[in-house]
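Tertiary structure, described
Each chain, written out:
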Amino acid sequence: MSRMTLAFIFAVVAFAQPAVRRIISPEILPDHRITFRISAPKAAEVVLRFSEAGTQPNPMTKGEDGVWSVTIGPVEPEIYTYSFLVDGVKMIDLANPIAKVGATIDASVVEIPGVPPRFDQVQDVPHGSIDILTYPSAISRTQRGVYVYVPPEYYTQPAKRFPVLYLWHGGGGAELDWSRDGRAGVIVDNLIAAKKAVPMLIVMPNNVSGAPAPGVMPAVPATPAGPGTANYPLLKRELLEELIPFVAGHFRTVENRENRAMAGLSAGGGTTMNVGLTSLDSFAWIAEFSSGIFGGVASYGPFDIEKIAPGFYSDPAAINRKLKLFYMSCGTEDPRMPFQKKALQDFQAHQLKVTFAEFPGAHEWKVWRHSLADLAPRLFR
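Residues numbered from 1 in each chain as written. Predicted model: local features only at pLDDT ≥ 70, side-chain atom pairs only at ≥ 80, totals over all residues. Heavy atoms only, no water.

**Things to note about the nonpolar core**
Counting residues in each nonpolar core, the largest one holds 45 residues, and the members touching the most others are Y166, L239, L243, F312, F326 and F347. Secondary structure elements with two or more residues in this core: β12 (142-150), β13 (164-168), β14 (201-205), α5 (232-250), α6 (267-276), α7 (305-308), β17 (325-331) and α9 (337-349). It is α5 that contributes the most residues to this core, seven residues altogether. For F347, the residues in contact, after removing those within four places along its chain, are M273, F294, F303, Y313, F326, M328, L352 and V354. Y147, W178, L372 and A373 belong to the second-largest nonpolar core, a separate cluster that totals 37 residues. (Core = buried A, V, L, I, M, F, W, Y, C linked by side-chain atoms within 4.5 Å. Buried < 20%, exposed > 50% of the residue type's maximum accessible area, 1.4 Å probe, protein only. Helix = DSSP H or I, 4+ residues; strand = E, 2+ residues; numbered from the N terminus. Contact = heavy atoms within 4.5 Å.)

Okay, here's the thing in structure tokens:
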């Protein structure tokens, strides 16, 4: 059989197949309403769950083609998560490639652009870079991944050295999270261009909680076992003995505590509290976002700063002198908020200076993006 004959047969077969309709979901309408769709011809009920802070389900209507749909809004320009309940089973939107990724793919993501652009949207300003690096860790016996945001001034001012923010991701995440989902580089690009933030490097490490078995060198670090099981002494040693020297050897950094900050979200906030507050000879700026270390997360034990950093409360004036900024933030709808407020009151009762911020939302990226945008202008002043 000739090639021409085969090609003709394949063409006939292809045209004989029924057309597959591509579902558009989500569809953002000009008035900031959003239409969601999902194909589930055999389902008896489909419900949209919109926003982690949302409490009201949105029933969807089934069309003759088996595609369910619902239109909501209008909603404010922001980042939102959503999922479907198909006969009680949670599903992400398979028509949408943008997902909330952690230990699992937990939800889909939709962003409503703003006019003018939101603080976390790419704008017409000078842009830095995101460098993706690996380094060998003898302490954790693995190859570590790290993302580094480099500001545009790094390239235009080749003799200048820069301060560094070390920024941890949350439980079940990875070192790319703050760049991909948190838009850290975009946010700081915009702040620097508006002269609201000092040009800085942002080092985004992997918050893996422990070392693999002896002799094992996995190419990709494993996901942390859970927020309450982090090996903080190991993370501290690796940070101080390996990661900071690695960054200093590859970038023009200012190597003193006054030009070094640490922050983290959720489990990364727990790392910041456990590692950062015990490393004030190396860090002068400490910030946590939405950590469950103060309560509300079963895998954590009771928070006791005196166990983490013995003598921390004995001389609050000395701590206040060392800490140029002690920052906490949380979402208004986050179940961790009451525990955050209680920890704040305890710190303040011991005469510690703490800056506290809250933002609309639950335990989600829109809160953490706002937290970073609020934190960055305060650093290295």
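**Side note on the pairing of β17**
By the criterion of burial, β17 is predominantly enclosed, with seven of the seven residues buried. Burial along β17 is two-sided: the residues L325, Y327, S329 and G331 and F326, M328 and C330 are all buried. With five bridges connecting them, β17 and strand β18 (residues 355-359) associate as parallel partners. Of the residues in β18, the one forming a bridge with C330 is E358. With α9 bridging β17 and the parallel β18, this β-α-β connection has right-handed handedness. (Pairing = 2+ DSSP bridges. Right-handed = clockwise from strand over helix to strand, strands pointing away.)

**Re the packing of α5 against α6**
At their nearest, the axes of α5 and α6 sit 10 Å apart, and the two run at 75° to each other. As judged from the angle between their axes, α5 and α6 are roughly perpendicular. Where α5 approaches α6, its residues Y232, L235, K236 and L239 are matched on the opposing element by G270, T271, N274 and V275. The residue makeup of the contact of α5 with α6, split by class, is four nonpolar, three polar and one charged. (Axes fitted to C-alpha atoms, helices over the stretch in contact; angles between N-to-C directions. Parallel < 35°, antiparallel > 145°, perpendicular 65-115°, else oblique. Nonpolar A, V, L, I, M, F, W, Y, C, P; charged D, E, K, R; others polar.)

**Section: the sheet that holds strand β1 (residues 27-28)**
Read from one edge of the open sheet, four strands run β1-β2-β6-β5, paired in antiparallel fashion. On the outer flanks of this sheet lie β1 and β5 (61-62), each paired with one strand and no other.

**Comments concerning the environment of G114**
Looking at where G114 falls in the secondary structure, it is placed in the loop between β10 (105-111) and β11 (129-137). Expressed as a C-alpha distance, the spacing of G114 and H32, which sit 82 residues apart in the sequence, is 9.6 Å. When residues no more than four places from it in sequence are discounted, the contact partners of G114 are P77 and Q121.

**Some details on the pattern of salt bridges**
Applying the stated criterion across every chain yields a total of 18 salt bridges. Residue R118 is joined to D120 by a salt bridge in which the shortest nitrogen-to-oxygen separation is 2.7 Å. Residue class for R118 comes out buried when judged on its relative accessible area of 8%. E255 is the partner of R260 in a salt bridge, and the nearest nitrogen-oxygen pair spans 2.7 Å. (Salt bridge = Lys/Arg side-chain N within 4 Å of Asp/Glu carboxyl O.)

**Topic: helix α4 (residues 184-193)**
Residues separated by three or four positions in an α-helix point in the same direction, a consequence of the helix having 3.6 residues per turn. By the criterion of burial, α4 is predominantly enclosed, with nine of the ten residues buried. At the exit of α4 stands K195, carrying a positive phi of roughly 60°.

**Side note on the packing of aromatic side chains**
Counted according to the given criterion, the structure contains 20 aromatic pairs. Each ring, one from Y135 and one from F246, has its centre 5.2 Å from the other, and the planes form 35°; the classification is tilted. Residue Y135 is found in strand β11, and its partner F246 is found in helix α5; the two are separated by 111 residues along the sequence. For Y135, a relative accessible area of 4% puts it in the buried group. Overall, the relative accessible area of 15% leaves F246 in the buried class. Site record: aromatic cluster; members linked through ring pairs are F294, F303, F312, Y313, F326 and F347. Positioned above the aromatic ring of Y154 is the side chain of R252, whose terminal nitrogen or guanidinium carbon lies 3.9 Å from the ring centre. When the ring centre of F283 is taken as reference, the NZ or CZ atom of R260 above it lies at 5.9 Å. (Phe/Tyr/Trp six-rings, centres within 6.5 Å; stacked < 30°, edge-to-face > 60°. Lys NZ or Arg CZ within 6 Å of the ring centre and 35° of its normal.)

Bear in mind that shape data such as this cannot, by itself, settle questions of function.
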